[in-house]
Structure formats: C-alpha cells, structure tokens
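Commentary on secondary and tertiary structure
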Amino acid sequence: MGDPEEIRRVLQVLRPLYGEEVNLYLSKPTYLEIMSKKASKTAAIQILLKEYQLKQSDCLAMGDNYNDIDMLAFAGLGIAMENAPLEVKAAANTVTLSNDEDGVAHALKNHILFPK
C-alpha cells in the first residue's frame with residue numbers, strides 16, 4: 001500500500017522480474033497485490049468449470065478493478081462495471097451500470113434472465 005506513483009514504479013520493476021512467477025495486480029491505485037499464479041480468480045473459475053463440467057463459453061464474470069482483468073478476459077462473457085478503470089473495461093466484452101447503480105443486477109437481468 002502506498003502512493004499511486006510509487007506503487008506504479010514498484011509494479012514496473014517487479015513485473016519483468018517476477019511476472020511469470022506471480023500475479024501482480026493493482027486492486028486500487030494505492031494497492032499492489034502480489035500472489036501465487038495458483039491464487040487467481042481465473043484459476044478458481046477453471047476449477048469450478050472442471051468440477052461442474054462446464055465450458056469456458058458458459059462462464060459469465062463481472063468485475064470492477066485491475067485484479068479482475070484476467071478473469072474478465074477469460075470468461076465467455078466478461079462484464080465490467082461502469083465505475084471500473086478503462087483498462088478493466090477494455091478487457092471485458094461489455095460494460096454494465098456502476099456498482100452504485102445496481103450494475104450486477106442490471107447485467108444479470110439483461111444477460112441471464114431476459115437476454116436480447
């Protein structure tokens with residue numbers, strides 16, 4: 001946790017050194033998360049898909065921050081929240097309303113309950 005500029009500098013140094021060994025995420029501009037490659041949202045989804053014999057294309061994932069980017073890109077349908085940073089939105093297939101506007105409920109309604 002630290003100043004956003006310092007956190008970005010640390011990330012730029014660590015990513016080339018350890019990026020293949022660990023996941024490095026900005027969960028907020030002031031938070032740098034460093035964890036095992038085995039401890040990711042995408043890894044958890046892959047376990048669930050295998051357990052329930054589902055395809056990647058059957059997966060819908062929603063997220064609003066940097067630590068959601070790989071999950072959104074992996075999912076058959078990745079949905080970013082309107083309040084997400086631009087990089088997160090770019091990784092998603094579509095964008096829903098913000099967290100404060102019930103974006104999850106809106107996305108479920110439009111993509112699961114009453115798809116167009």
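Regarding the overall build of the protein chain
- Within the protein chain one finds five helices and five strands.
- When its helices and strands are written in sequence order, the protein chain yields α-β-β-α-β-α-β-α-β-α.
- The C-alpha extent of the protein chain, read off along each of the three principal axes, is 45 × 35 × 20 Å.
- Counting the 116 residues in the protein chain, one finds 34% classified as buried.
- Accessible surface computed for the protein chain: about 7600 Å², of which carbon and sulfur atoms make up 55%.
- Here the protein chain carries 12 positive and 16 negative side-chain charges, and the mean point of each set is 5 Å from the other.

So, the nonpolar core
- If you look at the biggest cluster of nonpolar residues, it comprises twelve residues: Ile-7, Leu-11, Leu-14, Leu-24, Leu-26, Leu-32, Tyr-66, Leu-72, Ala-80, Ala-84, Val-88 and Ala-92.
- In terms of nonpolar packing, the next biggest core, distinct from the first, is built from seven residues, Leu-49, Cys-59, Phe-74 and Ala-75 among them.

Thoughts on the sheet that holds strand E4 (residues 77-81)
- Strand order in the open sheet made by the three strands is E3-E4-E5, with parallel pairing throughout. With partners counted over all chains shown, the strands left at the sheet margins are strand E3 (60-63) and strand E5 (94-96), one partner each. Direction aside, the axes of adjacent strands within the sheet are offset by 30° on average.
- In terms of strand pairing, E3 meets E4 through four bridges, oriented parallel. Paired with Gly-63 across the bridge in E4 is Ala-80.

Conventions we followed
- Residues numbered from 1 in each chain as written.
- Predicted model: local features only at pLDDT ≥ 70, side-chain atom pairs only at ≥ 80, totals over all residues.
- Heavy atoms only, no water.
- Helix = DSSP H or I, 4+ residues; strand = E, 2+ residues; numbered from the N terminus.
- Buried < 20%, exposed > 50% of the residue type's maximum accessible area, 1.4 Å probe, protein only.
- Areas by Shrake-Rupley, 256 points an atom, 1.4 Å probe, with all protein chains shown as cover.
- Lys, Arg positive; Asp, Glu negative; His and termini not counted.
- Charge placed at Lys NZ, Arg CZ, Asp CG, Glu CD.
- Core = buried A, V, L, I, M, F, W, Y, C linked by side-chain atoms within 4.5 Å.
- Pairing = 2+ DSSP bridges.
- Axes fitted to C-alpha atoms, helices over the stretch in contact; angles between N-to-C directions.

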